[in-house]
Amino acid sequence: MHVLRAPRSFRPSVDALLVGAALCFATAPFARAQVVVAPTLPQVGSSNPVSAEPGVKRPSTQPCTVTLFSNLEFADYNNKTFAYTPPAGCGSGPWAKVVLTADLTVTAGRQYDRTAEFYIGGANVYFGTTAEPRKTLSPSWHVERDITDLSALLRSSQTGIASIGNFVGVSGGVTYDGIIYASAALEFYPANLANLPLPAPDVVLPMPGGTNTTYTLNSTSDVLAATFSLPRNIEAAYLDVISQSQGGDEFWYTCSPNEVAAELGNCGNTGFRETEISIDGKPAGIAPVYPWIYTGGIDPYLWEPTVGVQTLDFKPYRVDLTPFAGMLSDGNPHTVGVSVLNADGYFADTATLLLFLDHGSQQTTGELTNNTLPQPTPPYVKNDYQTSALGEITGNSLVVQQRTFNLAGYVNTSHGRVQTSIDETVDFANYQTIVDSSIEYLQTVAQASGAYSVTHTKDGPLDFETDRVMVYPFTFTYDYQVNADGSFFIASQVNQQDYSYEKQLLDGFTYYTRYGDENVNSSDTLNYAASGALSGHTGSSTAYDQQNDSLGSCYSRQLTAADTKLTAVLDGAACGGTNKQ
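Residues numbered from 1 in each chain as written. Predicted model: local features only at pLDDT ≥ 70, side-chain atom pairs only at ≥ 80, totals over all residues. Heavy atoms only, no water.

1. Brief notes about the packing of aromatic side chains
As a reminder of what qualifies: Here is the rule: rings of Phe, Tyr and Trp (six-membered ring for Trp) pair when centre to centre is within 6.5 Å. Planes less than 30 degrees apart are stacked, more than 60 are edge-to-face, and the remainder are tilted. Helix and strand definitions follow DSSP, with helices as H or I runs of at least four residues and strands as E runs of at least two, each counted in order from the N terminus. Classification of residues uses two cut-offs on accessible area relative to the type maximum, computed with a 1.4 Å probe and protein chains only: under 20% is buried, over 50% is exposed, and between them is partly exposed. Only Lys NZ and Arg CZ are tested; either one counts as a charge over a ring when it is within 6 Å of the ring centre and within 35 degrees of the ring normal.
Under the definition given, this model contains 24 aromatic pairs. Relative to phenylalanine 314, the ring of tryptophan 292 has its centre 4.1 Å away and its plane inclined at 20 degrees; by these criteria the two rings are stacked. With tryptophan 292 in the loop between strand S18 (282-288) and strand S19 (317-320) and phenylalanine 314 in the loop between S18 and S19, this pair connects stretches of sequence that are 22 residues apart. Each member of the pair, tryptophan 292 as well as phenylalanine 314, carries the same accessibility label: buried. Considering the side-chain rings of tyrosine 441 and tyrosine 478, the 6.5 Å spacing of their centres and the 65 degrees angle between planes classify their relative orientation as edge-to-face. Of the two residues, tyrosine 441 is situated in strand S26 (residues 440-459) and tyrosine 478 in strand S27 (residues 462-482); the sequence distance between them amounts to 37 residues. For the pair formed by tyrosine 441 and tyrosine 478, the shared burial category is buried. Site record: aromatic cluster; members linked through ring pairs are Phe251, Trp252, Tyr253, Phe272, Phe428, Tyr441, Phe474, Phe476 and Tyr478. Directly above the ring of tyrosine 238 sits arginine 318, whose terminal nitrogen or CZ lies 5.7 Å from the centroid.

Right, dumping it as structure tokens:
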């Protein structure tokens with residue numbers, strides 16, 4: 001369990017009591033529609049972890065399944081290695097789809113949530129966090145991810161790593177006995193006329209290559225960097241990146257500007273974080289950081305059974321580097337860098353460079369013709385805090401960042417010149433209010449971050465356009481109050497949303513649209529007696545996910561929970577009563 005703060009006069013003892021009581025949409029170029037299916041129907045009355053997120057749509061062909069590991073035990077911080085061998089019965093691709101499936105469980109008892117990472121050949125294939133158990137609850141859950149874009153790596157045998165660092169033993173007089181077990185497999189679906197393969201990257205380059213681990217970024221100056229000698233015939237390039245907040249940055253969206261952070265007893269560097277992408281030290285792209293909350297975050301009852309958005313399975317954010325393709329093909333080594341602006345100890349980052357090659361030539365030429373993305377700069381900050389004669393601090397802070405830029409370049413290929421121009425705006429705003437006294441700590445956060453891009457690709461006589469919108473609205477309230485009789489309560493409320501929209505056009509004609517909206521709203525109140533003993537809690541939550549596209553795919557699921565149990569499941573309400581594939 002992770003907690004924020006209690007009033008200054010109560011912090012040491014209350015933090016100890018609470019601990020004892022116990023996170024990118026991505027498509028290949030010219031991608032056809034991806035439709036979705038519902039995961040297994042959750043069980044009403046259960047406290048098992050549950051998400052409204054859809055499963056991965058499977059092709060109709062019979063898959064070949066490769067087991068990566070089975071019932072692997074995680075009771076320490078040692079990485080577990082496994083061997084990956086390509087499927088014997090499904091050829092070497094191209095496959096219609098490759099799906100990673102994983103099933104995890106934690107034995108009943110006491111345990112923190114843990115970070116879970118799986119790698120194959122140095123490339124991250126899964127990144128998420130685990131559920132927390134209770135004395136009478138051994139949570140288990142299923143995750144799956146479409147990893148077809150890693151097909152080039154999966155055509156040959158690789159070394160794999162499963163990493164779930166987990167402490168089992170006694171620490172600070174508290175016994176942590178929840179042991180994590182995990183199994184994982186890959187499903188390879190052969191292609192046929194009814195299940196044509198999507199274009200997949202020809203080259204997959206993990207960062208940092210071959211180390212099978214995330215990279216720790218403790219400050220703005222820290223950089224996850226990899227220098228590559230790249231193919232000479234690159235036509236398109238993308239970077240999939242995940243920046244996971246941990247340690248002092250776990251609740252980064254609650255942090256205060258440095259000039260008031262110490263007085264408030266809060267974390268610093270403002271409530272703003274952003275992932276910066278560079279090529280050869282120059283800005284090349286931006287990836288917004290999602291405000292993930294893990295199953296032990298703030299108040300564990302908030303996330304039982306409905307977990308936060310993406311908590312069990314983070315989505316990589318895909319950054320389009322295609323304007324740089326001509327430059328990257330010049331035969332010189334190039335360094336790709338990933339950093340987190342305002343990181344304050346720490347972020348765990350992983351990234352994978354994906355390259356599409358011109359199969360009709362051994363060398364492409366071209367150049368970057370425009371790059372108006374400036375070097376990262378601190379956000380606009382406005383503080384308004386007052387301290388009363390009694391030492392009570394009240395006030396608010398506003399943090400705003402907006403950047404609008406253009407990236408453009410061209411590549412001379414075997415089929416002519418391909419020009420790419422990306423116009424993008426990245427917005428961020430975080431508004432906080434705080435009341436900090438001897439009997440109350442109240443903090444509210446209203447935050448929204450978003451990326452809005454229009455990509456034009458001129459390929460001979462054809463003019464393709466892709467419009468994308470990604471927005472992460474987030475609100476948070478944390479209220480600790482001490483009553484006159486010495487009892488106290490902590491009331492928390494969180495609303496997370498993940499909204500996305502995409503439109504694809506050819507010569508001005510819209511031929512495909514896709515929409516997605518996930519929302520989790522959770523609230524809980526912890527009640528404590530004057531002695532400090534937890535006397536009870538009251539909470540409820542809803543989770544909703546809707547996905548549809550212009551080709552007729554439609555999925556929706558709504559979950560309702562109260563007092564740690566699932567109370568209702570409603571499927572297909574936004575799809576005429578039935579989810580459609």
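2. Describing the state of the cysteines
What makes a disulfide is a covalent bond joining the sulfur atoms belonging to two cysteines. Here is the rule: Count a disulfide wherever a pair of cysteine sulfur atoms falls within 2.5 Å.
Going through the model one piece at a time under the given rule, you end up with 3 disulfides. One disulfide bridge connects cysteine 64 with cysteine 90, the sulfur atoms lying 1.9 Å from each other. Linking cysteine 64 and cysteine 90, the disulfide has an S-S dihedral of approximately 90 degrees and is accordingly described as right-handed. Within this pair, whereas cysteine 64 is found in strand S3 (residues 64-74), its partner cysteine 90 is found in the loop between strand S4 (80-84) and strand S5 (95-106), the two being separated by 26 residues in sequence. Pair check on accessibility: cysteine 64 and cysteine 90 agree, each one buried. The disulfide bridge from cysteine 255 ends at cysteine 267, spanning 2.1 Å between sulfur atoms. When the S-S torsion is -105 degrees, as for the bridge of cysteine 255 with cysteine 267, the disulfide is left-handed. Here the residue cysteine 255 occupies a position in the loop between strand S16 (234-245) and helix H3 (258-264), and cysteine 267 occupies one in the loop between H3 and strand S17 (274-279), the gap between them amounting to 12 residues. For cysteine 255, a relative accessible area of 0% puts it in the buried group. Described in terms of the sequence order of its bonded cysteines, the disulfide pattern of the protein chain is 1-2, 3-4, 5-6.

3. Re the side chain of asparagine 430
Quick reminder of the rule: Distance and chemistry together define a polar contact, namely a pair of N or O atoms within 3.5 Å, with one atom able to donate a hydrogen and the other to accept it when in protein, and with adjacent residues in sequence counting only for side-chain atoms on both sides. Here, two residues are considered to be in contact whenever any of their heavy atoms come within 4.5 Å of each other.
Checked against the element boundaries, asparagine 430 lands in strand S25 (residues 416-436). Within the structure, the side chain of asparagine 430 is placed 3.0 Å from the backbone oxygen of tyrosine 253, a separation counted as a polar contact. Of note is the side chain of asparagine 430, whose polar atom sits 3.4 Å from the backbone oxygen of glycine 271. The residues touching asparagine 430, leaving out its near neighbours within four places in the chain, are Tyr253, Gly271, Ser397, Leu398, Val399, Val445, Ala446 and Gln447.

4. Remarks on the nonpolar core
Inclusion rule: Only buried Ala, Val, Leu, Ile, Met, Phe, Trp, Tyr and Cys residues count toward a nonpolar core, and they belong to the same one when joined by side-chain atoms within 4.5 Å.
If you look at the biggest cluster of nonpolar residues, it comprises 82 residues, and the most contacted ones within it are Met207, Leu239, Leu321, Leu353 and Leu355. With 7 residues, the single largest contributor to this core is S27. Counting residues in each nonpolar core, the second largest holds 38 residues, with Phe82, Leu100, Ala116 and Leu312 among its members.

5. Some points on the sheet that holds strand S9 (residues 158-163)
In plain terms, the rule: Here, strands pair whenever DSSP counts at least two bridges between them. For helices, the axis comes from a line fit to the C-alpha atoms of the stretch in contact; other axes are also lines fit to C-alpha atoms, and the angle between any two N-to-C directions lies between 0 and 180 degrees.
Judged by pairing direction, the sheet is antiparallel, and its 4 strands sit side by side in the order S4-S9-S6-S7 without closing on themselves. Where the open sheet ends on each side, the last strands, each with one partner, are S4 and strand S7 (123-129). Averaged over neighbouring strand pairs, the angle between their axes works out to 15 degrees when direction is ignored.

6. As for the pairing of strand S28 (residues 488-506)
With 17 bridges connecting them, S27 and S28 associate as antiparallel partners. What sits directly across from methionine 470, in S28, is serine 500. The turn joining S27 and S28, which pair antiparallel and follow one another in sequence, is formed by 5 residues; a positive phi near 95 degrees is taken by glycine 486. The pairing of S28 with strand S29 (residues 509-528) spans 19 bridges and is antiparallel. Bridging from a neighbouring strand, alanine 491 pairs with threonine 525 of S29. In sequence, S28 turns back onto S29 through a hairpin of 2 residues, with aspartate 507 there showing a positive phi of about 50 degrees.

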